[in-house]
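Close look at the chain arrangement
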Amino acid sequence: MLEWISRGLRQGRVTMRYPRGAQGPPPELAVLSPAERPYLAPGRRPLGDQAQALRRSIHVRHIDCGSDGSEEWEIQALWNPYYDIQRLGFFLTAAPRHADVLLVTGPVTTAMRAPLERTWEVMPAPKALVAVGTDACSGGLCTASELTAGGVDAVLGVDVYVPGSPPAPIAIMHGLLLATGLLRAGERAA
Amino acid sequence: MTSTAQEPIERPDYLPEHLGAASEPAPPGELRLRVAPLAFERAARMLKGAGARFVSIFLADTPEPALVGAFALRGELLVLRAPTGDADPVVYGSIGAWWPAARWAEQELVERNGVRPVGACYARRLTAPDADLLDRRVAGLDVFALPYGPVRSGVFEAIQFQIETGGEDVPRIQTRPFFKHRGMERRFAGLGSERAAYVAERVAGIASAAYAIAFCEGVERALGIMPPARAQRWRAVYAELERIACHLDVIAKQAEATALHVGQARFQILKERVMGLRMRLTGSRFGRGMIVPGGVRAEGAMGLGELSRELDGLERDLRRDRHLFLDTASMTDRLIGSGRLHRGLVEDYSAVGPLARGSGSSTDARHERPYGDYRRLGLNVVTRREGDAMARVHVRFGEISESLRLLRQTIDHLRRRDGELSVGLPSDRRSGSAFGWAEAPQGELAIWVEMRAGLVHRVHVASPSLRNWALFDHAFPKDVLTDFAFIEHSFGLTPAGADR
């Protein structure tokens, strides 16, 4: 075990800085204003305020609704030493009842529709939903059919869309920051 | 090279004459036999007796509607074709009834296409899973059934396991795939082959390169063209990088399951380095968009010298971490003896990939039916005999080393000789059908491609994940519920590939 730790110490820090300038977050990330999303349930807006109050202790839950598997890798990567999203106060939680943010991947297949709705329902307000990946944003390759809903917003209201097939971890991180109000649309992390 | 120019092959010795099997011309490496639908089951039995491995069963449309069974036998892919004519429903003797490997593939065919295999009895709907359905079979005091999934703790793909347990031992596990069925095979229909390659990359995202290679090989073999040597080398580079990334991911997850957090972080760092390498090489962290029918789109964007230096550094760090990993008793104690799969079981289920190679089987598509650059590269197939989770970790470590060796060899070839990157697709809008295959990190992947007038007509994906998941029901012979995570990760499969 000591050897493990000494290996880790010798490695030094690998965690990336948040990209800046020309390397900044992809511009197509969009967060909807309250006027644009009248369908949202009351209580969804203040998550950002709560994020401040919670001193950056946001619990994230993920649900796969038919992704191609690569989005899961990129979400998992957020907790690896390179991106280390825990330093920003994001934690993975196993229970939807503890979750503040729901990450959804995939175009929502028929079999996953009910589990998705139920997961969202039991999450306490205020809460936010982030669609991760092109499939989740618009259906992507999987347009609406009897097999898939063709995007998460056909089932539930989406707060932040993170497009990409799959989006890079840094883009998902940006989406999470937007969803929790730690960052506003168009704003860059210092 | 064209499929029509070939001499008909003689009937193989393992099929008796009275079955009336007639051989048909086929692309090299593929052996096509035509039988009557009524002789289909008996022919399959003969093949099993001769030691064949089941690959898939599906309905094909080119050159005529037919029931097709695919089997791997003696370095060839044997395609058993039973023309069905206008028969609706298609009736034949069930294969899944006596060959466990064929059960899921046949059941999928029954539920989606309405074929009628005589003698089969499939109770539970496989392709329309119900997350709330409990199907208990184990009786006893304190035995409870636990549906685990499709929403699971952690960031995992959707699949459900129904676990029946008295608390510790696990008398029965039922794996339920197809929560993620998106109808990917249908997305191919009517596309030009180049656009269809993008779809192929997104069937199972973590094995993009393998899916793209298998699909492109299928198109190329159906159209009778051969990609240039340099393109084949680049494809091997992408495929081996993908294998390293997938295996490192599995090993990091094994460390996570044993709460060995430093080890987990170490292997995640190594994996992230491979992802970054692919990003610099191709512009995509998953190496997408480079493999197209006829060859590759471009040279890698990174200098070959730099690439090989990066790989050297990776290998150096990996060697130390691997040594530490295999030396950590808290880790190995949990893996040794867990999830033991006997060779007989593995062969009965026609399992493929590191899972089969950990149980003493030496199946590897790169070795059995070499394709692309693997025809020139000598491959050492890594196998272990123990069949437990530890053996599968050893196989994965061995394969990473082997992949690095192959990469070095390939980079050497790429440096020494220049050449074309792709050949044009034939402009005569020809038709044809063929299997393309590749060894994905999860195991042997075969994709049936039908081309009509230059466009993709129908595609069938025989994914390694679907075949291997079926074995999960038997992976807990002496194990307890807390071993679940190790055993699941040691399989290293992707539900996206299985469900399509």
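A brief look at the structure comes next. These numbers were taken from a predicted model, which means no experiment stands behind them. (Residues numbered from 1 in each chain as written. Chains lettered and ligands numbered in written order. Predicted model: local features only at pLDDT ≥ 70, side-chain atom pairs only at ≥ 80, totals over all residues.)

Overview of the pairing of strand S2 (residues 30-34) of chain B
It is a general feature of regular strands that their side chains alternate between the two faces of the sheet. All names here are of chain B. Relative to S2, strand S1 (residues 22-24) is paired through three bridges, and the arrangement is antiparallel. Opposite Ala-22, over in S2, you have Arg-34 as the bridge partner. Where S2 and strand S5 (residues 76-83) come together, five bridges link them in parallel fashion. By the bridge assignment, Arg-32 is partnered in S5 with Val-79. (Pairing = 2+ DSSP bridges. Helix = DSSP H or I, 4+ residues; strand = E, 2+ residues; numbered from the N terminus.)

Section: the packing of helix H4 (residues 193-201) of chain B against helix H5 (residues 208-223) of chain B
All names here are of chain B. Look at H4 against H5: their axes get within 8 Å of each other, and the N-to-C directions meet at 145 degrees. In this structure, H4 crosses over H5, and the sense of that crossing is right-handed. Every residue of H5 that contacts H4 at Ser-193, Ala-196, Ala-197, Ala-200 and Glu-201 is listed here: Ser-208, Tyr-211, Ala-212, Phe-215, Cys-216 and Val-219. Here the residues of the contact of H4 with H5 are counted per class, giving eight nonpolar, two polar and one charged. (Axes fitted to C-alpha atoms, helices over the stretch in contact; angles between N-to-C directions. Left-handed = near helix turned anticlockwise from the far one by under 90°. Contact = placed C-beta atoms within 7 Å. Nonpolar A, V, L, I, M, F, W, Y, C, P; charged D, E, K, R; others polar.)

With respect to the interface of chain B and chain A
Every contact between the two is made by 38 residues of chain B and, on the other side, 40 residues of chain A. For the side of chain B that touches chain A, the secondary structure elements donating two or more residues are helix H7 (261-282) and helix H8 (304-327) of chain B. Broken down by element, the residue count for the side of chain B that touches chain A peaks at seven residues, all from H7 of chain B. Partitioning the side of chain B that touches chain A into residue classes produces 20 nonpolar, eight polar and 10 charged.

Topic: the sheet that holds strand S10 (residues 172-176) of chain B
Residues and elements named next belong to chain B. The strand order S8-S9-S10 describes an open sheet built from three strands, whose pairing is antiparallel. On the outer flanks of this sheet lie strand S8 (144-148) and S10, each paired with one strand and no other. Adjacent strand axes in the sheet meet at a mean angle of 15 degrees when their direction is disregarded. Here five bridges tie strand S9 (residues 160-165) to S10, and the two strands are oriented antiparallel to one another. What sits directly across from Gln-160, in S10, is Arg-176.

Things to note about the sheet that holds strand S3 (residues 53-60) of chain B
Residue and element names in this part refer to chain B. Spatially, five strands are ordered S1-S2-S5-S4-S3 in an open sheet, and the strand pairing comes out mixed. Both outer strands of the open sheet, S1 and S3, are each paired with one neighbouring strand and no more. Within the sheet, the average angular offset between the axes of one strand and its neighbour, ignoring direction, is 25 degrees. For S3 and strand S4 (residues 66-73), the ladder comprises seven bridges, and the chain directions are antiparallel. Bridge pairing links Ala-60 to Ala-66 in S4.

As for the environment of Ala-209 of chain B
All names here are of chain B. On the secondary structure map, Ala-209 appears in helix H5. Along the primary structure Ala-209 and Arg-235 are separated by 26 residues, whereas in three dimensions their C-alpha atoms are 7.6 Å apart. Beyond its immediate chain neighbours, meaning those up to four positions away, Ala-209 contacts Tyr-238, Ala-239, Glu-242, Gly-287 and Ile-291.

Thoughts on the nonpolar core
Note on soluble globular proteins: their nonpolar side chains tend to be buried together. Counting residues in hydrophobic clusters, the biggest one holds 194 residues, and the most contacted among them are Val-104 and Val-130 of chain A together with Phe-215 of chain B. Discounting residues that sit within four places of it in the chain, Phe-215 of chain B has contacts with Ala-196, Ala-197, Ala-200, Gly-436, Ile-447 and Val-449 of chain B. (Core = buried A, V, L, I, M, F, W, Y, C linked by C-beta atoms within 7 Å. Buried ≥ 20, exposed ≤ 12 C-beta atoms within 10 Å, placed from the backbone.)

Digging into the packing of H7 of chain B against H8 of chain B
Residue and element names in this part refer to chain B. Contact geometry for H7 and H8: axes closest at 10 Å, N-to-C directions at 165 degrees. The angle between H7 and H8 places the two elements in the roughly antiparallel class. The handedness of the crossing between H7 and H8 comes out as left-handed. For the pair H7 and H8, contact is made by Gly-263, Arg-266, Phe-267, Leu-270, Arg-273, Leu-277 and Leu-281 and by Leu-307, Glu-310, Leu-314, Asp-317, Leu-318, Asp-321 and Phe-325, respectively. Here the residues of the contact of H7 with H8 are counted per class, giving eight nonpolar, one polar and five charged. (Parallel < 35°, antiparallel > 145°, perpendicular 65-115°, else oblique.)

What to know about H4 of chain B
Of the residues making up H4 of chain B, those classed as buried are Ser-193, Ala-196, Ala-197, Val-199, Ala-200 and Glu-201 of chain B. Against the buried residues of H4 of chain B lie helix H3 (184-187), H5, strand S11 (291-292) and strand S15 (455-462) of chain B.

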